[in-house]
Amino acid sequence: MKTLADHTLLYDEECPMCNLYTAGFIKANMLDNQGRKPFVNITTEEENYIDIQRAKNEIALVDTQNKRVYYGIESLLKVIGNSFPWMEKLGNWKPINYFLKKLYKFISYNRKVIVPSKLKIEHKINCIPDFNIKYRLFYIAFATLFTALVLFQYAELIVFLPKATFVREILLATGQIGFQALFIQKLDKHKQLNYIGNLVTVSIIGSLLLIPILFLNCYFNLNEYFIIAWFGLIVNFMIYEHYRRISLLELPKYLTLTWILYRILALAIILNF
């Protein structure tokens, strides 16, 4: 790989995705050993030429020699394009660049509900992205549709349940949001959507963990009790993950109990109607 020297990525050290790909750039020698630095370690001098607010939303790549700063997709294409010029050229083609920018913002604006972290008050500055209601609602809608699709496929494997329909699974997934919303009405809209973002992320995680069983069942006739046991295991993990997230968000612990209550009520309705 061709190393892009004298350039530093200012990454969110609390974000596992940011940690992973910036470390990957260094390991692949696309950046030198000084090629990344935690955002919270920005110096006073750097604050003079870096758009701090924009860098919270779009990872900044600093040309330390010329004091030029690239942001978001532009910064990533700069690093990758140094080793693979054709990829930078393709990524800058208008239709693809438009899509990449939208995808980047979709992930970046939601990264704190995808992987939440506790705010460290000892840091003078933080790398929390702006709250963008459009991208948050889009994320919630995407997560709901994805969850419903996976659960629809998985429910078809459990023969003792009434025949699954996609509409039923959509109603169950959106019902979970509506049910939990009843217990967070006293929170401001920002905190409500942060919680719901975490709520649907837990559902995405559970759905992703069910997908291997769907693939295996395409090639092997899996035992129904194994399928049910796996589902139960995943539900228990989701309960733990939900509790962990509301603890990080410093929200009432009873939200996990209401989450469980909804699941019980939903199962009772499915079995009786």
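Quick caveat, the model's predicted, so the values are computed rather than measured.

About the thresholds
- Residues numbered from 1 in each chain as written.
- Predicted model: local features only at pLDDT ≥ 70, side-chain atom pairs only at ≥ 80, totals over all residues.
- Heavy atoms only, no water.
- Core = buried A, V, L, I, M, F, W, Y, C linked by side-chain atoms within 4.5 Å.
- Buried < 20%, exposed > 50% of the residue type's maximum accessible area, 1.4 Å probe, protein only.
- Helix = DSSP H or I, 4+ residues; strand = E, 2+ residues; numbered from the N terminus.
- Contact = heavy atoms within 4.5 Å.
- Lys, Arg positive; Asp, Glu negative; His and termini not counted.
- Salt bridge = Lys/Arg side-chain N within 4 Å of Asp/Glu carboxyl O.
- Polar contact = N/O pair within 3.5 Å; in protein donor to acceptor, adjacent residues only side chain to side chain.
- Patch = residues over 30% accessible without salt bridge, like charges linked within 9 Å, V, L, I, M, F, W, Y side chains within 5 Å.
- Areas by Shrake-Rupley, 256 points an atom, 1.4 Å probe, with all protein chains shown as cover.
- Charge placed at Lys NZ, Arg CZ, Asp CG, Glu CD.
- Axes fitted to C-alpha atoms, helices over the stretch in contact; angles between N-to-C directions.
- Parallel < 35°, antiparallel > 145°, perpendicular 65-115°, else oblique.
- Left-handed = near helix turned anticlockwise from the far one by under 90°.
- Pairing = 2+ DSSP bridges.
- Nonpolar A, V, L, I, M, F, W, Y, C, P; charged D, E, K, R; others polar.

What should I look at first to understand the nonpolar core in this one?
Across soluble globular proteins, nonpolar side chains show a tendency to be buried alongside one another. In terms of nonpolar packing, the biggest core is built from 34 residues, with Y154, Y195, I196, V200 and I227 touching the most fellow members. Looking at this core, the elements that each hand over two or more residues are α6 (94-114), α7 (133-155), α9 (189-219), α10 (224-248) and α11 (254-272). With ten residues, the top contributor of residues to this core is α9. The contact partners of V200, leaving out residues within four places of it in the chain, are Y139, I140, A143, T144 and I177. Core analysis: the second largest hydrophobic core is formed by 17 residues, L4, Y11, I59 and L76 among them.

Can you help me understand the side chain of D63 in this one?
Secondary-structure assignment places D63 in strand β3 (residues 60-63). No salt bridge is formed by the buried D63; its nearest oppositely charged neighbour, K78, is found at 6.6 Å. At a separation of 3.1 Å, a polar atom in the side chain of D63 contacts the main-chain amide nitrogen of Q65. Setting aside residues no more than four positions away along its own chain, D63 makes contact with D6, H7 and R68.

Explain the pattern of salt bridges to me, please; I cannot follow it from the model alone.
As a working rule, side chains carrying opposite charge can pair if their charged atoms are close by. According to the stated counting rule, one finds seven salt bridges in the structure shown. In this structure, R168 and E169 form a salt bridge, with 2.9 Å as the shortest nitrogen-oxygen distance. Using a relative accessible area of 17% as the deciding quantity, one classes R168 as buried. Accessibility expressed as a relative area gives 5% for E169, which makes it buried. Across the pair E241 and R245 runs a salt bridge, and its minimum N-O distance is 2.7 Å. Here E241 pairs with R245, and both are found in helix α10, just four residues apart, close to one helical turn. Take E241: its relative accessible area is 6%, and that puts it in the buried class.

Help me out: how do you make sense of a positive patch on the surface in this one?
The grouping of K101, K102, K105 and K134 at the surface amounts to a positive patch. Among the elements that take part in the positive patch, α6 stands out by supplying three residues, more than any other. Among the secondary structure elements, K101 is positioned in helix α6.

Is there a simple way to explain the packing of α10 against α11 in this structure?
Two measures define how a pair of helices packs: the angle their axes make with one another and the distance between the axes. Direction vectors running N to C along α10 and α11 enclose 150°, while the axes themselves pass 9 Å from each other. Between α10 and α11, the interaxial angle falls into the category roughly antiparallel. As α10 runs across α11, the sense of the crossing is right-handed. Where α10 abuts α11, its residues V235, M238, I239, H242, Y243 and I246 lie against L255, T256, W259, I260 and R263.

It is not clear to me how the pairing of β3 should be interpreted in this structure. Could you clarify?
Walk down a regular strand and you will see the side chains alternate between the two sheet faces. Neither face of β3 is open: one carries A60 and V62, the other L61 and D63, and all of them are buried. Two strands pair when backbone bridges link them, and β3 and strand β4 (residues 68-71) are joined in this way by four bridges, in the antiparallel orientation. Directly across from D63, in β4, lies its bridge partner R68.

Explanation requested: the packing of helix α8 (residues 166-181) against α9 in the structure shown.
At their nearest, the axes of α8 and α9 sit 11 Å apart, and the two run at 145° to each other. Note that α8 runs across α9; the crossing there is right-handed. Contact with α8, carried on its side by Q176, I177 and Q180, involves Y195, I196, L199 and V200 of α9 and no other residues of that element. Grouping the constituent residues of the contact of α8 with α9 by class yields five nonpolar, two polar and no charged.

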